[in-house]
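# Structural overview
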Amino acid sequence: MNENPRSLTEQVIFQIDWHWSGQLRPRLTGLTDDEYFWEPSPGAWNVHPRGRSNTSTGHGAGKYTIDWEYPEPKPAPMTTIAWRMGHIIVGILGARVAGHFGGPPIDYESFQYAGSADEALRQLDQQYAAWLAGVRTWDEAALAEPSGPAEGPWHEYSRAVLTLHINRELIHHGAEIALLRDLYAHRDD
């Protein structure tokens, strides 16, 4: 990685890749299935074997589904590491890779959620690599363009604003996952 980023593209990539490589991804090393599925409170939203959802419907196309309700209940339920990783993989990275860089279509209802921490980490690594590779293709002029129809309410914002938003999402959800790992390690069972 260029330690003195000069272009806008280098700067947005430096921001997230520094966080990913130096903080988030190392914190996920050794993630166990027990941690991945651990529910920090009763009724926490999670990824479950089909038919065992904590919500009225579970979304997903495979053997596992993710808890989801719209509108979201107030207060919003706690979520698990599995749920947060599913959100990052599908809603934050995967949908953007599909919408901007020609990746395969992906959404909460048709995704095949991971049944293990190792599988989820592979999915996460794949989507992160695809997102980063795509952003690398955007020069300063491309980053100044509107995000476009793939972004719904973000469509008028520049790709630079969108990219910084994705960085922010990865940083804060990654921190939540790290905290859940810490809580799991210090729980009283």
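Summary of the structure given here. (Residues numbered from 1 in each chain as written. Predicted model: local features only at pLDDT ≥ 70, side-chain atom pairs only at ≥ 80, totals over all residues. Heavy atoms only, no water.)

## Observations regarding the overall build of the protein
Under the convention used in this document: Each helix is a run of DSSP H or I of at least 4 residues and each strand a run of E of at least 2, with the numbering of both proceeding from the N terminus. When we talk radius of gyration, it's over C-alpha atoms, and the globule rule is simply 2.2 Å times the number of residues to the 0.38. Burial status follows relative accessibility: with a 1.4 Å probe on protein chains alone, a residue under 20% of its type maximum counts as buried, one over 50% as exposed, and anything between as partly exposed. For the purpose of counting charges, residues Lys and Arg are taken to be positive, whereas Asp and Glu are taken to be negative. His and the chain ends are not included. To locate a charge, the coordinates of NZ of Lys, CZ of Arg, CG of Asp or CD of Glu are taken.
Counting its secondary structure elements, the protein contains six helices and three strands. Each helix and strand of the protein, placed in order from N terminus to C terminus, yields the pattern α-α-β-β-β-α-α-α-α. Taken over the C-alpha trace, the protein has a radius of gyration of 17 Å; the compact-globule value for 189 residues is 16 Å, and the two agree within 12%. In terms of overall dimensions, the protein has C-alpha extents of about 50 × 35 × 30 Å along its principal axes. For the protein, with 189 residues in total, the buried portion stands at 46%. Charge separation in the protein, taken as the distance between the mean sites of 15 positive and 25 negative side-chain charges, equals 2 Å.

## What to know about helix α1 (residues 8–27)
Counted only if it meets this: One less than the number of residues in a helix, times 1.5 Å, gives the span that helix is expected to have. One axis fitted to the seven residues ending at a residue, another fitted to the seven starting there: the angle between these axes is the bend at that residue. Any two residues having at least one pair of non-hydrogen atoms within 4.5 Å are treated as being in contact.
A rise of 1.5 Å per residue sets the reference length of α1, with its 20 residues, at 28 Å; its end C-alpha atoms lie 28 Å apart and thus fit the reference within 8%. The sharpest bend along α1 measures roughly 45° and falls at Trp 20. Among the residues making up α1, those that are buried are Thr 9, Val 12, Ile 13, Ile 16, Asp 17, His 19, Trp 20 and Leu 24. For α1, the secondary structure elements touched by its buried residues are α4 (117–136), α5 (140–144) and α6 (159–185).

## A look at the pattern of salt bridges
For clarity, the threshold we go by: Salt bridge, as used here: a side-chain nitrogen of Lys or Arg that lies within 4 Å of a carboxyl oxygen of Asp or Glu.
What the rule picks out here adds up to six salt bridges. Of the charged contacts in the structure, one is a salt bridge between Arg 96 and Glu 151, with a shortest N-O distance of 2.9 Å. Of this pair, Arg 96 sits in helix α3 (residues 81–101) while Glu 151 sits in the loop between α5 and α6, placing them 55 residues apart in sequence. Note on Arg 96: relative accessible area 11%, which makes it buried.

## Things to note about the packing of aromatic side chains
The condition is simple: Here the aromatic set is Phe, Tyr and Trp, taking the six-membered ring for Trp, and pairing holds for ring centres within 6.5 Å; pairs whose planes are under 30 degrees apart are stacked, those over 60 apart are edge-to-face, and all others are tilted. Charge over a ring is defined by NZ of Lys or CZ of Arg lying within 6 Å of the ring centre and within 35 degrees of the ring normal.
Evaluated as defined, the whole model comprises 13 aromatic pairs. For the pair Trp 154 and Tyr 157, a centre-to-centre distance of 5.2 Å together with 50° between the ring planes defines the contact as tilted. On the basis of relative accessibility, which here comes to 45%, the residue Tyr 157 falls in the partly exposed class. Of the aromatic side chains, those joined through ring pairs into one cluster are Trp 45, Trp 68, Trp 83 and Tyr 108. Above the face of the Tyr 184 ring, Arg 187 is positioned so that its terminal group lies 3.6 Å from the ring centre.

## Focus on the side chain of Asp 67
What counts, and what does not: For the purposes of these results, a polar contact is taken to be a pair of N or O atoms within 3.5 Å, where, inside protein, one atom must be able to donate a hydrogen and its partner to accept one; residues adjacent in sequence count only when each atom of the pair is a side-chain atom.
Its place among the elements puts Asp 67 in strand β3 (residues 64–67). Buried and without a salt bridge, Asp 67 has Arg 50 as its closest oppositely charged side chain, separated by 11 Å. Here Asn 46 takes part through its backbone nitrogen, which lies 2.7 Å from a polar atom of the side chain of Asp 67. Side-chain polar atoms of Asp 67 contact the side chain of His 48, separated by 2.9 Å. Setting aside residues no more than four positions away along its own chain, Asp 67 makes contact with Ala 44, Trp 45, Asn 46, His 48, Ser 53, Asn 54, Thr 55 and Trp 83.

## Focus: the packing of α3 against α6
To describe two helices that pack against each other, one gives the angle between their axes and the distance between the axes. We apply this condition: Axis definition: a line fitted to C-alpha atoms, limited for helices to the stretch in contact. Angles are taken between N-to-C directions and run from 0 to 180 degrees. An angle counts as roughly parallel when it lies under 35 degrees, as roughly antiparallel when it exceeds 145, as roughly perpendicular when it falls between 65 and 115, and as oblique in every other case. By definition, any crossing whose near helix is turned counterclockwise from its far helix by less than a right angle is left-handed, and any crossing with a clockwise turn is right-handed. Under the grouping applied here, Gly and all other residues not named as nonpolar or charged are polar, the nonpolar ones being Ala, Val, Leu, Ile, Met, Phe, Trp, Tyr, Cys and Pro and the charged ones Asp, Glu, Lys and Arg.
For the pair α3 and α6, interaxial distance at closest approach is 9 Å and the crossing angle is 165°. As far as their axial angle goes, α6 and α3 are roughly antiparallel. For the crossing formed where α3 meets α6, the hand is left-handed. Between α3 and α6, the contacting residues are Ile 81, Arg 84, Met 85, His 87, Ile 88, Ile 92, Leu 93, Arg 96 and His 100 on the first element and Leu 162, His 165, Ile 166, Glu 169, Leu 170, His 173, Glu 176, Ile 177, Leu 180 and Arg 181 on the second. Partitioning the contact of α3 with α6 into residue classes produces 10 nonpolar, four polar and five charged.

## Remarks on the nonpolar core
Our working rule: Here the nonpolar core consists of buried residues drawn from Ala, Val, Leu, Ile, Met, Phe, Trp, Tyr and Cys, with membership extended through side-chain atoms lying within 4.5 Å.
If you look at the biggest cluster of nonpolar residues, it comprises 41 residues, and the most contacted ones within it are Tyr 36, Met 85, Leu 93 and Leu 124. Every element with two or more residues in this core is listed here: α1, α3, α4 and α6. Considering each element in turn, this core owes the most residues, 10 residues, to α3.

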